[in-house]
Amino acid sequence: KLTDLRLKDDKVSRLEINNVWEDCQNVVLATGHSARDIYYLLNKRNITIEAKPFAMGFRIEHPQILVNGIQYHNEQNAAILPPASYSLVTQVKGKGAFSFCMCPGGIIAPAATDIGEVVVNGWSPSKRNGEYANSGWVTEIGEEEWKDYVKFGPLSGLEFQRSIEQKAYNMGKGEYKVPAQNLVDYLAERKSARLNRSSYNPGMTSVDLNQLYPKEVNYRLREGLREMTKKLNGFDHENAIVTAPESRTSSPVRIPRTKDLHHSDLVNLYPCGEGAGYAGGIISAALDGIRILKEIFSVVH
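Calculation notes
Residues numbered from 1 in each chain as written. Predicted model: local features only at pLDDT ≥ 70, side-chain atom pairs only at ≥ 80, totals over all residues. Heavy atoms only, no water. Salt bridge = Lys/Arg side-chain N within 4 Å of Asp/Glu carboxyl O. Helix = DSSP H or I, 4+ residues; strand = E, 2+ residues; numbered from the N terminus. Buried < 20%, exposed > 50% of the residue type's maximum accessible area, 1.4 Å probe, protein only. Axes fitted to C-alpha atoms, helices over the stretch in contact; angles between N-to-C directions. Left-handed = near helix turned anticlockwise from the far one by under 90°. Contact = heavy atoms within 4.5 Å. Nonpolar A, V, L, I, M, F, W, Y, C, P; charged D, E, K, R; others polar. Phe/Tyr/Trp six-rings, centres within 6.5 Å; stacked < 30°, edge-to-face > 60°.

Asks: Any chance you could explain the pattern of salt bridges here in plain terms?
Replies: Between side chains of opposite charge, a pair can form as their charged atoms come close. This structure, assessed with the given rule, holds 20 salt bridges. Of the charged contacts, one joins Arg162 and Glu117 as a salt bridge, the two residues approaching to 3.5 Å between their closest N and O atoms. In this pair, Arg162 is assigned in helix H4 (residues 156-171) and Glu117 in the loop between strand E8 (95-110) and strand E9 (120-123), connecting sequence segments 45 residues apart. Given the relative accessible area of 0%, Glu117 is considered buried. Between Arg220 and Glu145 there is a salt bridge, and its shortest N-O distance comes to 3.3 Å.

Asks: What exactly am I supposed to notice about the packing of helix H1 (residues 36-44) against H4 here?
Replies: Closest axis-to-axis distance for the H1/H4 pair is 12 Å, and the angle between their directions is 145°. For the element pair H1 and H4, the recorded crossing hand is left-handed. Residues Arg36, Tyr39 and Tyr40 of H1 lie in contact with H4, whose contacting residues are Leu158, Glu159, Gln161, Arg162 and Glu165. Split by residue class, the contact of H1 with H4 holds 3 nonpolar, 1 polar and 4 charged.

Asks: Where do I start with the packing of aromatic side chains in this structure?
Replies: How two aromatic rings sit relative to each other is set out by the distance from centre to centre and by the angle between their planes. All told, the structure shown has 7 aromatic pairs when counted by the stated rule. Summarising the aromatic geometry, the rings of Tyr149 and Phe152 are spaced 6.4 Å apart at their centres and angled 25° between planes, so their arrangement reads as stacked. Take Tyr149: its relative accessible area is 22%, and that puts it in the partly exposed class. For the pair Tyr169 and Tyr176, a centre-to-centre distance of 5.5 Å together with 70° between the ring planes defines the contact as edge-to-face. For Tyr176, a relative accessible area of 31% puts it in the partly exposed group. Cluster of aromatic residues (ring-pair linked, three or more members): Phe58, Tyr186 and Tyr213.

And the structure:
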């Protein structure tokens, strides 16, 4: 855990990890986008950071056999082809609504990083042989959405994100149960009398998820889904379920850097990857790390 940065002559001179100080020439700051303590630390130390757009929404889950049928059209194709996936995108009122991190044969997993919050994420085992398929369904979150949090400056988007996760925790009634709703009921804007089965283990609480996000955000999510059900016949199946919130798609904060890839204020601090706001997944984060190391190597040598 990075606990402090000490500055000397406008440079990072020492790095403290687990309360042990080590001298170093360069620091690569490559945290994940959920390492909120880093953002709070940088802001406290007056090291420049800035709010940036990101995305939030839900996790939608279907029986994998249903997705196979939608995509492959018949049982014969589904029997010889791998578990099916999908990628969906549309525009609602000038902003995108899109699927994210689709997990064939996957599991919806708890991903909260603090007490009193809930977050959902998804993953697939290597064989993708699970009973369910799940995907994020998200829309862009920007200044219009976090306008009530501008007092937090560069942490405005992050604080909006936290507020939704805390609200979802309360809607789920604690114990890391997620607020959930059958997809057909979400589209009809009514609470589900009985929830469909799901791979999410800690449990679910039936709510009207139309009440989770601000009105305009929820409108884009819901109406975007209506469009997707026109493109994938059967997507709005009675056995589909929606869980929330899918809120960690990318970082709500960017740590600015120059064309030479070091921080805009500190010449030997190199923000890197998802946590710095320059990547949106495993591969792009790895490629950003390669860029950083090449730059450092060229400067040192």
